[in-house]
Structures are given as structure tokens and as C-alpha cells.
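Structure assessment
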Amino acid sequence: MEVSMPKVITFTANLLAETTYTYSGWSPGKTHRAIAESFQVGGKGINVSKMLSKLGADNLALCFPGGIFGPACERWMEEKSIATLPFREGCVTRSGSVIRGQGQPETTFLGTDSIVSKEAIQQVVESLELYQEPFVLAICGSVQDWDRGRWEPLRWWISKRPETVSLVVDNYGPSLPWFVQQNPELIKINRDELETLFEKDRRSAETSELLALARERFGCRRWVITDGAELIWVMDGDAEPESFAPRQVDCVSPTGCGDVVFATLIDCLYNKTGYALLKAAKLAAEYGSRNAAMPGIAEFEL
């Protein structure tokens, strides 16, 4: 059976039901009353889908809503017009809180990881096998317990995926070494995550040196390495790595800036014409800077 498929599907293993509380000020060990409160759904893939939609890119967010927070997450995503491909059976969504206080840095508290069941993972594979049209599969964020047996069907599918599936990766944690070895077309990670791919005695090397070594060792030809407000490094094909500085802004919230960057890279490379990786990265960095200057995610003006 042939099923219609959007150009990009984002994958979020660790969905987040998140409440933001705003205070005039706060400190540990005391009771505080919020002056504002809002609910939103987090998870890197959800943020990437939100930005892709802002850019006008057809996309679908694969996620695992479940437990007491699952229905609230699905209602929020529907209200925000985020198209989702939900798998619920046996799943439990994690919760978290963002604390904002006047003159204080934003602080995030996360609950325990979401639970993704073996049944839901098998359903993901069965769904992906139905899609006949070419699409981009964007792995966004960490995948909890990726080495456990329940993920084996999805690991197998990704490793044997059809040529019509373009794999792009913004992953971290123990699963990152596995994903970089699956011949992705693009890897977007930060400097700290890049270091984890190498032996300890190599991690202090210059970013350009690590990128050249990564190309040789892992085979991926397109890399974008971010480092907060510091230099962004780009390596495209056989070209030498290049760097540029993102525009500096007064940071209101760093949350989701990397996801905005990743979404913009995907849109430029797979939906637009005339974008080499460096040009795409510079536009992505500009949007990342605009995102940092605002409290929400992908809510700035294009």
C-alpha cells in the first residue's frame, strides 16, 4: 500500500510536556508565586517541525505521546498546527518546567526520560515501510536506551533504509556514535558532542582538525558544528572546513536555537535551490540569533 509522505519527517524519542513559570524573582528553598504561566511541548524534533512549518516546509513530527501528559501534548500540537505521527501504545511522556525570573538566567528542570514501548517502536517501523516517496528522516535529540533490544527493529530499518530516504542527524549522548556511522547526508552537532566521537587524547584538537578526521573516519561529507555564540564550523564534501561568527544578540533564551538552525539547514538543502552548505549555515545562524533574542521557540519574524 502506498501512503502519501511529506518531504521531511522529524523523529523525537523524548517528548516533553513543559510548563514555563515566570517570577519577579526566585531563589531555592522558598515558596514563590508565578506572575505568568504557559504550557508548551518540547523535544528537539517538535521544535524542528515547528520551525520547518514556519519556513513553509511540509513535514511530519514522529513522536510518542502517552501517560497523563500525552493528551495535553497532542492538543497543544494540534492547536499549533504541528502535523504529528503519534505512537501511543505503552508510552509515557516526560514532564519538565522552565523557570524564569527577572534578572536571572532561565533554568530548566526535566523529569525522568519518556518511556517508549517495544510495541510503539514496531509500529514506527511498519509505518515507515509503507512510505514509497522520497523523504528526509531527521533524527532530533537523544534517544534513551538506544542500545536496548526494543529499539532493534528501528536500528535495523535505519541501517537498511531505502535509497529514497535521506538521513540527517542532530543527536547526542550514547546513540550519537551509532548514528554517525549510518552514512547520514548531514550531521549538525555542537563542539562538545563532536569531541565525544574521538579518543580523549584527541578531543582538545582544533575543530577543523576534528572535522577532517571525522570525514575520514565516518564517511559523512556534510557537517555543521555549533558552539553557542562562538564560531560555527562548516565542512562540505572535500572542501576544507570553514568557520564564521554568528551575529551576537542579547540572549533571552538559548532554548531551541540549535533546533532552529537544524530546521533551516534541512529546508535550504532539501526544499530550496541555490544553497551550498555554507550559505545555508549562515542563514540558519541568523535565524538562530533571532530565536535567542526572544523567549519562545521559532516565534521570531523571518
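Before reading further, recall that the structure is shown in the block above.
As a starting point, this report considers the structure included with it. Predicted model only: the values in this text are computed from it and were never measured. (Residues numbered from 1 in each chain as written. Predicted model: local features only at pLDDT ≥ 70, side-chain atom pairs only at ≥ 80, totals over all residues. Heavy atoms only, no water.)

1. Considering the sheet that holds strand β9 (residues 165-170)
What counts here: Two strands qualify as a pair provided DSSP detects at least 2 bridges between them. Runs of H or I in DSSP of at least four residues are treated as helices and runs of E of at least two as strands, each being numbered from the N terminus. Fitted lines through C-alpha atoms give the axes, limited to the stretch in contact for helices. The angle between two N-to-C directions lies from 0 to 180 degrees.
Here nine strands make up an open sheet; going across it, the order is β5-β4-β1-β8-β9-β10-β11-β12-β13 and the pairing mixed. Whereas interior strands pair on both sides, the edge strands pair on one side only; in this sheet they are β5 (84-86) and β13 (242-244). Strand after strand, the sheet turns through a mean of 20° between neighbouring axes, direction not considered. Note: strand β8 (residues 135-140) against β9, six bridges, orientation parallel. When the sheet's bridge partners are listed, L137 is paired in β9 with L167.

2. Some details on the sheet that holds strand β3 (residues 36-42)
Whenever strands of a sheet pair, they do so through backbone hydrogen bonds, lying parallel or antiparallel. How we decide: The contact rule is simple, with two residues in contact once any of their heavy atoms fall within 4.5 Å.
Taken in spatial order, the four strands of this open sheet run β3-β2-β6-β7, and their pairing is mixed. The strands lining the two open edges of the sheet, one partner per strand, are β3 and β7 (107-110). Between one strand axis and the next, the sheet turns by 20° as a mean value, whatever way the strands run. For strand β2 (residues 16-23) and β3, the ladder comprises seven bridges, and the chain directions are antiparallel. Pairing of L16 across the sheet is with G42, part of β3. Those strands touched by helix α2 (residues 70-79) are β2 and β3, and its axis lies near 90° from that of β3.

3. Description of the side chain of T19
How we decide: Three exposure classes are used, based on accessible area relative to the maximum for each residue type with a 1.4 Å probe and protein chains only: buried under 20%, partly exposed in between, and exposed over 50%.
Following the sequence through the fold, T19 ends up in strand β2. The exposure class of T19 is buried, given its relative accessible area of 16%. The residues contacting T19, other than those within four sequence positions of it, are E37, S38, F39, Q40, G96, S97 and V98.

4. Digging into the packing of aromatic side chains
Heads up, the condition is: Stacked, tilted and edge-to-face pairs are distinguished by plane angle, under 30 degrees for stacked and over 60 for edge-to-face with tilted covering the rest, among Phe, Tyr and Trp rings (Trp via its six-membered ring) whose centres lie within 6.5 Å. The criterion for a charge sitting over a ring is simple: Lys NZ or Arg CZ within 6 Å of the ring centre, and within 35 degrees of the ring normal.
Within the structure shown, the criterion is met by twelve aromatic pairs. Considering the side-chain rings of W178 and F179, the 5.1 Å spacing of their centres and the 90° angle between planes classify their relative orientation as edge-to-face. Overall, W178 belongs to the partly exposed group, its relative accessible area being 23%. Between Y287 and F300, the ring centres sit 5.7 Å apart and the planes meet at 35°, which makes this aromatic pair tilted. In this pair, Y287 sits in helix α9 (residues 277-292) while F300 sits in the segment after α9, placing the two residues 13 residues apart along the sequence. With a relative accessible area of 10%, Y287 lands in the buried category. Among the aromatic residues, ring-to-ring pairing joins F11, F64, F87, W146, W151, W178 and F179 into one connected group. The ring centre of F300 lies 5.5 Å from the NZ or CZ of K54, which sits over that ring. One residue, K282, lies across the ring of F244, its end atom 5.9 Å from the ring centre.

5. A short note on the side chain of T264
Here is the rule we go by: Pairing of N or O atoms within 3.5 Å defines a polar contact, subject to two protein rules: one partner must be a possible hydrogen donor and the other a possible acceptor, and residues neighboring in sequence count only if both atoms are side-chain atoms.
The topology assignment puts T264 in helix α8 (residues 257-270). Separated by 2.8 Å, the side chain of T264 and the backbone oxygen of V260 make a polar contact. The residues contacting T264, other than those within four sequence positions of it, are M51, L55, L283, A284 and Y287.

6. Some points on α2
Using the following cut-off: Arc definition: it is the arc formed by the directions from the helix axis to the C-beta atoms.
All buried positions along α2 are accounted for by G70, C73, W76 and M77. Down the axis of α2, the buried side of the element spans an arc of 125°, and every buried residue falls inside it. Counted as exposed and oriented over 90 degrees from the buried face of α2: E78 and E79. One or two steps after α2, the chain reaches S81, where phi turns positive at roughly 60°.

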